[in-house]
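# Structural overview
These are the residues of each chain, in order.
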Amino acid sequence: MDTLPPREHAGTSDDALMLAWTGGDVAAFEALYGRHRERLHRFLLRQLRDPGVADEVFQDTWQRVLAAGRDWRPEAAFATWLYRIARNRIADHWRARQHRPPAPADADERSLRIEDPDTPELRMHAFQRSRDLQQALDALPDDQREVVLLRLEQELTLEEIGDITGVGRETVKSRLRYAMDKLRAALADRDAAVATTGEATP
């Protein structure tokens, strides 16, 4: 997943790139893949919580994009269509497993870290905040965690998220509001615990 998008396609829209690829422009697909690969993989990893499974679903999602080929039509924005495919593949995975995803045991290791901090204290604080955020995300209901990730990490609009998840804009807005309230409350509780005891709660 380290292919960089060709510079000649840097300013071309996703839909134009997809149409160009269906017309035989291989470089257009390379640009499209390079533009979306990192964020899509991060979304899958957050949702599936298993790097191996995330890689499988990532590959399968792009295979389905390729399989669409000349039959693809720009009925929805490419990003909306891409994440709808990914979401369906996630659902297929959990149906096959017949259970909801367990809370990850390695939240600490998978938490985002800030590089080159000024002091060890800042590094520890950033690590703890990142861990706390990951744990708070994991505690959200699936539908609420999904809209948070699509909105904040993938930067999709409420309308695009609605198209991907199959619900109306107001439902997306409501899920996002409830999720953000829960995240704020969870992080506030952890901050209060640190202020009181000097240690984050597990």
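Worth saying up front: this structure is predicted, and the values here are computed from it rather than measured. (Residues numbered from 1 in each chain as written. Predicted model: local features only at pLDDT ≥ 70, side-chain atom pairs only at ≥ 80, totals over all residues. Heavy atoms only, no water.)

## Things to note about the nonpolar core
With 44 residues, the main nonpolar core has L44, W62 and V65 as its most contacted residues. Elements with a minimum of two residues in this core: α1 (14-22), α2 (26-48), α3 (51-68), α4 (78-97), α6 (120-139), α7 (142-153), α8 (158-165) and α9 (169-197). (Core = buried A, V, L, I, M, F, W, Y, C linked by side-chain atoms within 4.5 Å. Buried < 20%, exposed > 50% of the residue type's maximum accessible area, 1.4 Å probe, protein only. Helix = DSSP H or I, 4+ residues; strand = E, 2+ residues; numbered from the N terminus.)

## A word on the packing of aromatic side chains
Per the stated rule, a full pass over the model turns up seven aromatic pairs. Ring centres 5.0 Å apart and planes at 70 degrees place the aromatic pair Y33 and W62 in the edge-to-face group. Of this pair, Y33 sits in helix α2 while W62 sits in helix α3; the two residues are 29 residues apart in sequence, bridging distant segments of the chain. The same class applies to Y33 and to W62, which are both buried. On the numbers, 5.5 Å between centres and 80 degrees between planes, the contact of F43 with Y83 is edge-to-face. Note that F43 is positioned in helix α2 and Y83 in helix α4, a separation of 40 residues in sequence. (Phe/Tyr/Trp six-rings, centres within 6.5 Å; stacked < 30°, edge-to-face > 60°.)

## Description of the pattern of salt bridges
Tallying each qualifying case throughout the model produces 14 salt bridges. In this structure, a network of salt bridges that share partners links the residues D60, R64, R89, D92 and R95. (Salt bridge = Lys/Arg side-chain N within 4 Å of Asp/Glu carboxyl O.)

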